[in-house]
Amino acid sequence: MAPRMMGGPGGPRGMGGPGGPGGGKRKGSRENPNSVAITPENAHFSMRGGFLYMQCPKDAEPVRVSLHRNFPFTFLWEYISVLDIDNYELATLRSIDLFDGEEKEMLERELERKYYSPVISKIYSVKERFGFSYWDVESSGGRLTFTLQDTFKSIVRAGEGKLFLFDVDGNRFVIEDADELDRKSRKRVEIYL
């Protein structure tokens, strides 16, 4: 059973944080040297047809946008790029805490949807064949199976025992603290660290 998730492993853009496997810039993204720092005073977010839209300035025509974490492992709600549908950076958001109420909840939901990462609580098995590893795990999304290619490069340490795993389909999984796993699960992941 393959997990169903949105998005793929993203890396930072121009801020020097850790990225996914291979790190570096995301394919197809373009930075804008004239990017605007947005606040509730100069921008408004809304949902239309299940998509996020931004008005900046507030009296401008709404533009469909997506959000990108520049530090996906360390700053979940800060240093957010606002991209248009062509992955061109329109604006930056220092922190979603600048917004409140419905707008803040909307931004949180959009980031959680894009960066959905089931938390692994138990590893039933890991089998290796021809450079791939096949994982059977228990997670916050239920029991899942997934495949990693070049397993050592597909597991990223994020400090304090936290690990991110990126599968061949671009899905991401998280182990909050490898030391807190049961003994068998810990042994199955430790060989790759």
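Residues numbered from 1 in each chain as written. Predicted model: local features only at pLDDT ≥ 70, side-chain atom pairs only at ≥ 80, totals over all residues. Heavy atoms only, no water.

**Considering the overall build of the protein chain**
- Looking only at helices and strands, the protein chain features three helices and 13 strands.
- Counting over 193 residues, the protein chain shows a buried share of 42%.
- Restricting to contacts in the protein chain with at least 6 residues of sequence separation, those with at least 24 account for 44%.
- Summing over all exposed atoms, the protein chain offers an accessible surface of approximately 10600 Å²; the carbon and sulfur share of this is 49%. (Helix = DSSP H or I, 4+ residues; strand = E, 2+ residues; numbered from the N terminus. Buried < 20%, exposed > 50% of the residue type's maximum accessible area, 1.4 Å probe, protein only. Contact = heavy atoms within 4.5 Å. Areas by Shrake-Rupley, 256 points an atom, 1.4 Å probe, with all protein chains shown as cover.)

**As for the sheet that holds strand S3 (residues 51-55)**
- Pairing in this open sheet of three strands is antiparallel, and the strands run S2-S3-S4 from one edge to the other. Of all the strands in the sheet, just strand S2 (44-48) and strand S4 (63-64) have a single pairing partner and so form its edges.
- In this structure, S2 lies alongside S3, joined through five bridges in antiparallel fashion. What sits directly across from Met47, in S3, is Leu52.
- The sheet contacts of helix H1 (residues 101-114) involve S2 and S3, and relative to S2 the element is tilted by about 60°. (Pairing = 2+ DSSP bridges. Axes fitted to C-alpha atoms, helices over the stretch in contact; angles between N-to-C directions.)

**As for the confidence of the model for the protein chain**
- Confidence in the prediction of the protein chain, expressed as mean pLDDT, is 82, and 83% of residues score 70 or more.
- Confidence over residues 1-28 falls short of pLDDT 50; this stretch has 75 contacts with residues more than four positions distant or in other chains. (pLDDT = per-residue confidence, 0-100.)

**Here we look at the pattern of salt bridges**
- Applying the stated criterion across every chain, the model contains seven salt bridges.
- Note that Glu78 is salt-bridged to Arg94, the shortest N-O span being 2.7 Å. Of this pair, Glu78 sits in strand S6 (residues 78-83) while Arg94 sits in strand S7 (residues 89-95); the two residues are 16 residues apart in sequence, bridging distant segments of the chain.
- Arg94 sits in the partly exposed class, given a relative accessible area of 43%. (Salt bridge = Lys/Arg side-chain N within 4 Å of Asp/Glu carboxyl O.)

**So, the side chain of Asp136**
- By the element assignment, Asp136 lies in strand S9 (residues 132-139).
- Judged by its relative accessible area of 16%, Asp136 is buried.
- In terms of polar contacts, Asp136 uses its side chain to reach the side chain of Arg143, at 2.7 Å.
- With residues up to four places along the chain from it excluded, the contact list for Asp136 reads Ile123, Tyr124, Ser125, Arg143, Leu144 and Thr145. (Polar contact = N/O pair within 3.5 Å; in protein donor to acceptor, adjacent residues only side chain to side chain.)

**Considering H1**
- Across its 14 residues, H1 extends 20 Å between first and last C-alpha, which sits within 8% of the 20 Å expected from 1.5 Å per residue.
- Listed as buried for H1 are Glu103, Met106, Leu107, Glu110, Leu111 and Lys114. Looking down the long axis of H1, one finds its buried residues gathered within 125° of arc, a one-sided arrangement. (Expected span 1.5 Å × (residues − 1). Arc of directions from axis to C-beta.)

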